[in-house]
Amino acid sequence: MYVVKNDEDFINYYINKQIDWPLLVFTRHYLGGNAVKFAIDHKDENDRYLLLSYVYKMYMEDTSVIPEIEKLAKNMPFAYLFIADLYERDSDDWNKYIKFAAEGDVINAKIELALSLLESKDLSSLKLLEEYGSKGSARAYYIMSKYYAENNDLENAKKYLLLAADDNDVDALNTLASLYTYKNEIIEANHEKAVEYADKAFNLGDDNSGILLARLLYSSADIDHDFQRAERVLAELSQAGNAEAKFRLLDLWAQAGVDEKKYGNEYFKTANEAIEGGCYDAYIFLGICYANGIGCEKNYEKALEAYNNGIKYLKSLKGEDVEGRIKALEEQIDLLNIKK
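Definitions and cut-offs
Residues numbered from 1 in each chain as written. Predicted model: local features only at pLDDT ≥ 70, side-chain atom pairs only at ≥ 80, totals over all residues. Heavy atoms only, no water. Helix = DSSP H or I, 4+ residues; strand = E, 2+ residues; numbered from the N terminus. Buried < 20%, exposed > 50% of the residue type's maximum accessible area, 1.4 Å probe, protein only. Contact = heavy atoms within 4.5 Å. Areas by Shrake-Rupley, 256 points an atom, 1.4 Å probe, with all protein chains shown as cover. Disulfide = S-S within 2.5 Å. Salt bridge = Lys/Arg side-chain N within 4 Å of Asp/Glu carboxyl O. Phe/Tyr/Trp six-rings, centres within 6.5 Å; stacked < 30°, edge-to-face > 60°. Axes fitted to C-alpha atoms, helices over the stretch in contact; angles between N-to-C directions. Parallel < 35°, antiparallel > 145°, perpendicular 65-115°, else oblique. Left-handed = near helix turned anticlockwise from the far one by under 90°. Nonpolar A, V, L, I, M, F, W, Y, C, P; charged D, E, K, R; others polar. Expected span 1.5 Å × (residues − 1). Arc of directions from axis to C-beta. Polar contact = N/O pair within 3.5 Å; in protein donor to acceptor, adjacent residues only side chain to side chain.

A few words on the overall build of the protein. Each helix and strand counted, the protein has 19 helices and zero strands in total. Within the protein, the fraction of its 340 residues that count as buried is 44%. Taking the contacts inside the protein whose residues are at least 6 apart along the sequence as the reference set, 45% of them involve residues at least 24 apart. Only carbon and sulfur atoms are counted for the fraction: they give 46% of the accessible area of the protein, which is about 18300 Å².

In structure tokens:
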């Protein structure tokens, strides 16, 4: 179950879901204010406002509003998808509400049912997905692309991925942006293309694409660096509470040569916030701050503790290639021992 933490999370949720409400009166221009509060204050004005207020309560774990949503869903069958999303995929309740939505001709529900068939190895679902894609569902094309990639049919994987991206499916845009960043069997690496697709996905609300976009802009050797644009992207994500964006800001500042002494307080504050948010790669920057008195008093013991915490975290990541990152922390420990 998706449990929203605050109004902003909910706003991002319903916008990114893009669940068959092309005529929804709430569009991005409401993001400057409190869209959920606006909806609740005006819930008698329009059924969609009312639905939005009910969905908000439901995702705050007030499931007593489900019967009210069911009433609205008789005229707005896409509303069943919100109820279905409360339950585990393929559970009886999930299937019940997905089928209600599909019977109401909700394309997203039909796609979910086709995906369930595909996951059960029923390949007749590919024809259904092809049909839905041809009728304008980029999501159907993206699902087909994933299926062909998983079955090593790279030609079709590329074909349907491009079709999905052309119709602005966020996951397809993000996937293409990632593929264009490194050598692979599907698409030839091209960092300019990676920036193009990452930018599109970020503008549609995908945080991971924003981080990828910023990383390319400040660190790619294949395109001209744009530190200011990268910083704007990361600052926006950081202000929204994205811990990895805070870590990437530190990396950007280091690569751009931002004066550590002049902006030491910001370095130290950002490193701590990144770690508190769960991005433990930032331990290397916290250690550097303590080792050099950047935004804090010099404290070699705390610096060593930070570096060792970073190494411990990286070693816990089973199956990931972390040797280079561990080496960087060990080099900082060596520098620390020289200073002592």
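The structure having been displayed, the exposition proceeds.
A disulfide bridge is the covalent bond that connects two cysteines by way of their sulfur atoms. Taken as a whole and judged by the stated rule, the model has zero disulfides. Summary of cysteine pairing: cysteine 289 is not part of a disulfide, and the nearest cysteine sulfur, belonging to cysteine 296, is at 5.7 Å.

The next thing to look at is the side chain of serine 238. Within the secondary structure, serine 238 is located in helix H14 (residues 227–239). Residue class for serine 238 comes out buried when judged on its relative accessible area of 8%. In contact with serine 238, not counting residues within four places along its chain, are Ala245, Lys246 and Leu249.

Another aspect to go through is the pattern of salt bridges. All chains considered together, the criterion is met by 14 salt bridges. For lysine 246, the salt bridge goes to glutamate 273, with nearest N and O atoms at 3.1 Å. Within this pair, whereas lysine 246 is found in helix H15 (residues 243–256), its partner glutamate 273 is found in helix H16 (residues 264–276), the two being separated by 27 residues in sequence. A network of salt bridges, in which partner residues are shared, links Arg89, Glu112 and Glu119.

Scanning all chains against the criterion turns up 13 aromatic pairs. Arranged with centres 6.2 Å apart and planes meeting at 5°, the rings of tyrosine 87 and tyrosine 97 form a pair that is stacked. Taken together, the positions of tyrosine 87 in the loop between helix H5 (80–84) and helix H6 (92–103) and tyrosine 97 in helix H6 put the pair 10 residues apart, joining distant regions of the chain. A relative accessible area of 29% means that tyrosine 87 is categorised as partly exposed.

The next point concerns the packing of helix H13 (residues 207–219) against H14. Relative orientation of the contacting elements H13 and H14 amounts to 155°, with a least axis distance of 8 Å. It follows from the interaxial angle that H13 and H14 lie roughly antiparallel. Once H13 is placed against H14, the crossing between them reads as left-handed. Across from Asp207, Gly210, Ile211, Leu213, Ala214, Leu217 and Tyr218 in H13, the residues of H14 making contact are Phe227, Arg229, Ala230, Val233, Leu234 and Leu237. The residue inventory of the contact of H13 with H14, partitioned by class, reads 10 nonpolar, one polar and two charged.

For the pair helix H17 (residues 283–292) and helix H19 (residues 323–339), interaxial distance at closest approach is 11 Å and the crossing angle is 10°. For the element pair H17 / H19, the angle class is roughly parallel. Between H17, through Ile284, Ile288, Ala291 and Asn292, and H19, the contact on the second element is made entirely by Ala328, Leu329, Gln332, Leu336 and Lys339. For the contact of H17 with H19, the residue count by class is six nonpolar, two polar and one charged.

Now for helix H18 (residues 300–315). The end-to-end C-alpha distance of H18, which contains 16 residues, comes to 23 Å, matching closely the 22 Å that a straight helix rising 1.5 Å per residue would cover. Along H18, the residues classified as buried are Ala303, Ala306, Tyr307, Gly310, Ile311 and Leu314. In an axial view of H18, the angular spread of the buried residues amounts to 135°, which keeps them on one side of the axis. Those residues of H18 that are exposed and angled more than 90 degrees off the buried face are Glu301, Lys312 and Lys315. Next to the buried residues of H18 lie H17 and H19. A side-chain oxygen of the first residue of H18 lies 3.2 Å from the backbone nitrogen of glutamate 301; this N-cap is asparagine 299.

We now examine the environment of tyrosine 97. On the accessibility criterion, tyrosine 97 (5% relative accessible area) is buried. Residues tyrosine 97 and alanine 79, 18 residues apart in the sequence, show an inter-C-alpha distance of 9.3 Å. With sequence-adjacent residues up to four places away left out, tyrosine 97 is seen in contact with Ile66, Glu70, Tyr80, Ile83, Ala84 and Tyr87.

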